[in-house]
Amino acid sequence: MKETTGNFQAARRVLLGRFAAGAAVALMPMASRAQAPAAGRVIPIADMHSHLGIVGRTRSPADLATEMKTHGATLVSWAIVGDAPWLGNGPKGVIQQGEPTPAELSAFFEKTLDGMLAYAQQNQLAIVRTAADVDAALGGKHSVLLASESAEFISTDLAPLKKAFDKGLRQMQLVHYIRNPIGDYSTASAVHNGLSPLGRDLVKACEALGILLDLAHCSTPAIDHALEIATKPMIWSHGWVDSDAGNYRDQYGYLMRRLSIDQAKKIAARGGVVGLWGLGLRQPAQAYGWKVGQQDRAGYAREVAKLVNMIGADHVAFGTDIAGMGNEWAINDYSHVREVVQLLEGQKLDAATIEKIASGNFARVLKATLPAA
């Protein structure tokens, strides 16, 4: 999830009560949507970061399963917002409100994960656990990768990680918007000066189990520490890339969340992938760096092509943050992502590159990380 330039959006409020009993989200009528080209093979869509069906949003009433099946999104990283009940609005965007106990964080995480598993089963969405499951998703089997947008459920030791892995967790973001014992995040002052000793151990443990590491929201020193330790490719699932990195002293949250081009190249050099979020600013012409306006799919496609030119075709993917953008979005459902796939043809990208961006790059890093079968 990102920080907006304005208030903490009501659409970010967690709607997980419906998950507590394992109930399916009711299917609702779909609006008219852009479809994939009728001729030729339809490129599968993968998304490195989505909250659709987990937090609220202000558009598109359809649920995750409906959108995936309607628009050919076959591999979606479905992210728990483990600190959501303790987030609020600050003058620059999202801030921590309250001090949850380790028990509260653990209980919220487990309840949410159990609800997601129940939803997937009830709606015939496969759970990606192995590299073979990734291949099945690319072949058209609609699948979700269970992800955690932060490691708050881990407090003093790594025992909860194995329990989560056994349930199906396969992607781990180290930090989000509240203080944790793992590491520092880009939107607040440093406590650990990067990753803590527990955070460093977590990087190693994720690799040993077969969990993809996600560096989104990390401070610059925390990213560097993870890059020093990791032996497998990692991702930075969502945000944007600029000449220099964001800093908690920046004026707006979206500025704090930028990744430097140097670090993007470091992630790419180790085989990793950088994802671009679906943020759409109200006044992009006046903004610093990110020039994508609201509902501006063409602008988003231009940013994707720009990043390809900066770090290479093998290292760029979608990390939409669908449903995590509040009112400030350019991409907010999978019809929008399908439209972007089509728009990339106008950015002088060849078919092979477009397919890498749409699904191939994310699939590659997953297969390099997950257990084989």
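Residues numbered from 1 in each chain as written. Predicted model: local features only at pLDDT ≥ 70, side-chain atom pairs only at ≥ 80, totals over all residues. Heavy atoms only, no water.

A. Looking closely at the side chain of S237. If you trace the backbone, S237 turns up in the loop between β9 (235-236) and β10 (240-242). Looking at S237, its side chain comes within polar contact range of the side chain of D214, at 2.6 Å. Among the polar contacts listed, one links the side chain of S237 to the side chain of H238, at a separation of 2.7 Å. When residues no more than four places from it in sequence are discounted, the contact partners of S237 are M48, H49, Q171, Q173, D214, A216, G275, L276 and G319. (Helix = DSSP H or I, 4+ residues; strand = E, 2+ residues; numbered from the N terminus. Polar contact = N/O pair within 3.5 Å; in protein donor to acceptor, adjacent residues only side chain to side chain. Contact = heavy atoms within 4.5 Å.)

B. Spotlight on the packing of aromatic side chains. With the rule as written, the count across this model stands at seven aromatic pairs. Between W86 and F108 the ring centres are 6.1 Å apart and the planes differ by 80 degrees, which places this aromatic pair in the edge-to-face class. With W86 in the loop between β2 (73-80) and β3 (87-90) and F108 in helix α3 (residues 102-122), this residue pair connects regions lying 22 residues apart in the sequence. Neither residue differs from the other here; W86 and F108 are each classed as buried. An aromatic cluster is present here, built from W240, Y252, Y254 and W290 joined pairwise through their rings. Looking at R170, its charged tip hangs above the ring of F165, at a distance of 3.7 Å from the centre. (Phe/Tyr/Trp six-rings, centres within 6.5 Å; stacked < 30°, edge-to-face > 60°. Buried < 20%, exposed > 50% of the residue type's maximum accessible area, 1.4 Å probe, protein only. Lys NZ or Arg CZ within 6 Å of the ring centre and 35° of its normal.)

C. Molecular detail of the nonpolar core. With 97 residues, the main nonpolar core has L64, M172, L174, W290 and F318 as its most contacted residues. With seven residues, the single largest contributor to this core is helix α10 (residues 297-311). Ignoring any residue separated from it by four or fewer positions in sequence, one finds M172 in contact with S148, S150, A151, F153, I154, L161, C206, I211, L212, L213 and D214. Ranked by size, the runner-up nonpolar core spans 16 residues in total, among them L75, L212, A363 and L366. (Core = buried A, V, L, I, M, F, W, Y, C linked by side-chain atoms within 4.5 Å.)

D. How the structure looks around the packing of α10 against helix α11 (residues 334-343). Running from amino to carboxyl end, α10 crosses α11 at an angle of 60 degrees, the nearest separation of the two axes being 9 Å. On the basis of their axis angle, the class for α10 and α11 is oblique. As for the relative orientation of α10 and α11, their crossing is right-handed in sense. Contacts between α10 and α11 involve R297, A298, Y300 and A301 from the first element and H336, E339, V340 and L343 from the second. Of the residues assigned to the contact of α10 with α11, the class counts are five nonpolar, one polar and two charged. (Axes fitted to C-alpha atoms, helices over the stretch in contact; angles between N-to-C directions. Parallel < 35°, antiparallel > 145°, perpendicular 65-115°, else oblique. Left-handed = near helix turned anticlockwise from the far one by under 90°. Nonpolar A, V, L, I, M, F, W, Y, C, P; charged D, E, K, R; others polar.)

E. Looking closely at the pattern of salt bridges. Counting across every chain of the model gives 11 salt bridges. Between E110 and K163 there is a salt bridge, and its shortest N-O distance comes to 3.2 Å. Residue E110 is found in helix α3, and its partner K163 is found in helix α5 (residues 159-167); the two are separated by 53 residues along the sequence. For E110, a relative accessible area of 26% gives the class partly exposed. (Salt bridge = Lys/Arg side-chain N within 4 Å of Asp/Glu carboxyl O.)

F. Just the pairing of strand β6 (residues 143-149), in detail. Burial of β6 is extensive: seven of the seven residues sit out of reach of the surface. Because side chains alternate across β6, one face comprises the buried residues S143, L145, A147 and E149, and the other comprises V144, L146 and S148, equally buried. The sheet contact formed by β2 and β6 spans six bridges and is parallel. Note that in β6 the partner of S77 across the bridge is L145. Alignment of strand β5 (residues 126-127) against β6, held across two bridges, turns out to be parallel. Residue pairing for β6: A126 is matched across the bridge by S143. (Pairing = 2+ DSSP bridges.)

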